[in-house]
Amino acid sequence: GEARAERVAIARDVTGSPAAMDRAELSLDLTRAIEREELFLQYQPKVHLRRQQVTSVEALVRWNHPTRGLVLPNDFIPLAEESEDIVALTLWTIRRSIADQKVLAEQGHDLRIFINIAGALLADARFVRRACVLVESSGAQLGFEITETSVIRDPDSAIANLQVFADIGIVIAIDDYGAGLSSLAYLKQLPARELKIDKLFVTQLTSSNRDPLIVRSTIDLAHALEMEVVAEGVESQAAMALLSVMGCDMIQGFLISRPINLDALIHFLDDGKYR
Ligand code: C2E
Ligand code: CA
Ligand code: CA
Ligand code: CA
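Please read all numbers here as calculations on a predicted model, not as lab measurements.

Calculation notes
Residues numbered from 1 in each chain as written. Chains lettered and ligands numbered in written order. Predicted model: local features only at pLDDT ≥ 70, side-chain atom pairs only at ≥ 80, totals over all residues. Heavy atoms only, no water. Helix = DSSP H or I, 4+ residues; strand = E, 2+ residues; numbered from the N terminus. Donors = N, O, S within 2.8 Å, 3.2 Å for Na, K, Ca; no water. Core = buried A, V, L, I, M, F, W, Y, C linked by side-chain atoms within 4.5 Å. Buried < 20%, exposed > 50% of the residue type's maximum accessible area, 1.4 Å probe, protein only. Contact = heavy atoms within 4.5 Å. Near = heavy atom within 4 Å. Polar contact = N/O pair within 3.5 Å; in protein donor to acceptor, adjacent residues only side chain to side chain. Areas by Shrake-Rupley, 256 points an atom, 1.4 Å probe, with all protein chains shown as cover. Patch = residues over 30% accessible without salt bridge, like charges linked within 9 Å, V, L, I, M, F, W, Y side chains within 5 Å. Salt bridge = Lys/Arg side-chain N within 4 Å of Asp/Glu carboxyl O. Lys, Arg positive; Asp, Glu negative; His and termini not counted. Charge placed at Lys NZ, Arg CZ, Asp CG, Glu CD. Pairing = 2+ DSSP bridges. Right-handed = clockwise from strand over helix to strand, strands pointing away. pLDDT = per-residue confidence, 0-100. Expected span 1.5 Å × (residues − 1).

Draft legend 1. Here's a closer look at unusual backbone geometry. Positioned with a positive phi, Glu37 is a non-glycine residue whose angle comes to about 60 degrees. Structurally, the position occupied by Glu37 is in the loop between α2 (18–35) and β1 (39–48). Not every positive phi belongs to a glycine, and Glu226 is a case in point at roughly 60 degrees. Relative to the helices and strands, Glu226 resides in the loop between α10 (211–224) and β8 (228–232).

Draft legend 2. Focus on the coordination of the calcium ion (ligand 4). In the first shell of the calcium ion (ligand 4), the protein supplies Asp175 (OD), Asp176 (OD), Glu232 (OE) and Glu232 (OE), at 2.2 to 2.5 Å from the metal. Counting gaps between the donor residues of the calcium ion (ligand 4) yields the pattern D-D-x55-E. In this structure, the calcium ion (ligand 4) lies 3.8 Å away from the calcium ion (ligand 3), the two metals sharing Asp175 as a donor.

Draft legend 3. Seen up close, the nonpolar core. Residues Ile94, Phe127 and Phe165 are the most contacted members of the largest nonpolar core, which totals 81 residues. No other element matches the eight residues that helix α4 (residues 85–106) contributes to this core. Look past the residues within four positions of Phe127 in its chain and what remains in contact with it is Val87, Thr90, Leu91, Ile94, Ile117, Leu121 and Phe165.

Draft legend 4. Up close: the site of ligand 1. The environment of ligand 1 is made up of 21 residues, and the closest members are Gln44, Arg62, Lys199, Glu235 and Phe254. The contact in question runs from an oxygen atom of ligand 1 to an N or O atom on the side chain of Glu58, over 3.2 Å. Contact between ligand 1 and Asp176: an oxygen atom at 3.2 Å from a side-chain N or O atom of the residue. Taking 800 Å² as the accessible area of ligand 1 by itself, protein coverage stands at 85%. Taken together, the elements giving at least two residues each to the shell around ligand 1 come down to β2 (53–65), α3 (73–82) and β6 (171–177). When residues in the shell around ligand 1 are grouped by element, the largest group, four residues, is from β2.

Draft legend 5. Expanded view of the coordination of the calcium ion (ligand 3). Taken together, Glu58 (OE), Asn116 (OD1), Glu145 (OE) and Asp175 (OD) make up the full set of protein donors to the calcium ion (ligand 3), lying 2.2 to 2.3 Å away. Mapped onto the sequence, the residues coordinating the calcium ion (ligand 3) show the spacing E-x57-N-x28-E-x29-D. Exposure remark for Glu58: the relative accessible area of 5% places this residue in the buried category. Judged by relative accessible area, which is 7%, Asp175 ranks as buried.

Draft legend 6. Inspection of a positive patch on the surface at higher detail. Taken together, Arg95, Arg126, Arg129 and Arg130 make up a surface patch of like positive charges. Looking at the positive patch element by element, the count peaks at three residues for helix α5 (residues 125–138). Tracing the backbone shows Arg129 in helix α5. You can call Arg129 exposed: its relative accessible area is 54%.

Draft legend 7. Up close: the pairing of β8. Of all five residues in β8, four are buried, a share of seventy percent or more. Bridge count between strand β7 (residues 194–197) and β8: four bridges; the pairing is parallel. Note that in β8 the partner of Leu195 across the bridge is Val229. Bridge count for β8 against strand β9 (residues 250–252) is three bridges, and the pairing is parallel. Its bridge partner being in β9, Ala231 is matched across the sheet by Ile251. For the segment spanning β8, helix α11 (residues 237–245) and β9, crossover handedness is right-handed.

Draft legend 8. Inspection of the confidence of the model for the chain at higher detail. Chain-level pLDDT for the chain is 91 on average; 93% of the residues reach the 70-or-more range. Low confidence marks residues 11–17, where pLDDT is under 50. Its contacts with residues over four positions away, or in another chain, come to six contacts. This complex was scored by the predictor with a pTM of 0.92 and an ipTM of 0.96.

Draft legend 9. Representation of α4. Between its first and last C-alpha, α4 extends 32 Å over 22 residues, near the 32 Å set by a 1.5 Å rise per residue. Gly108 occupies a position one or two residues after α4 and carries a positive phi of about 85 degrees.

Written out as structure tokens, the structure reads:
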């Protein structure tokens, strides 16, 4: 409508760049996309190495855009984070995950579903309350993946809110460990049970000299802090074997499965390779 044309025109005037215009359009479309159910979730299994079992999955949001086709999260999550859309998007993701977890349970698969939580939400008391209501009223088994960077912004309220989540049974995982700002002082204070080593250190694991040292010491550090370790971005048998020797607890990556729709996940689990 008119407001939309105006916002796009403003974006054009201010920067003159088509990229900025594109972003303005996408941002306007996103608000509508959430209402029109254009978003959908894919799930990527995490495999527990010693148990050879899928114990949880990560929910990853995708956008089926009416004219652009499939849009991946790196192209719209940053836009959602600049507006209030991240709140609606994340609450939608939680609701969808809760519903899908019921479907999985009906098929005999009890899996914890991990959801990515943007940093700004950890300082949003209203979001925290609404998320807690959804989780507590459903009895769902969820996990929240957060980055350290999001804690560093406002540590007191972030740590307090993470504790609220942990107290109602949500498992906290530290995402992208090693890729952003790291602070051992905060790491110790976070009520986190899992630490995910960023795929930056994992994809080159068997071809680099330095990465195995970083990964090994991260695994030892996490274990010293009584956290389980997930390596993400595992793409080869060689990487899996090395991670297993290093005592890594869980792996996630294209070697096991790409992110897949709920139906495909059920087929994957029924296949019985990891049961
Ligand atoms: P992330 O949390 O680090 O998610 C892992 C990303 O790595 C996913 O990309 C996944 O498809 C990709 N990946 C998985 N295995 C492999 C592998 O073996 N090799 C390589 N090269 N890549 C692998 P995706 O789905 O495009 O998501 C990108 C980012 O978008 C996520 O990074 C996460 O930060 C964000 N994101 C996704 N869904 C949500 C959401 O619902 N809410 C929020 N706030 N952020 C989300
Ligand atoms: Ca918007
Ligand atoms: Ca994640
Ligand atoms: Ca990650």
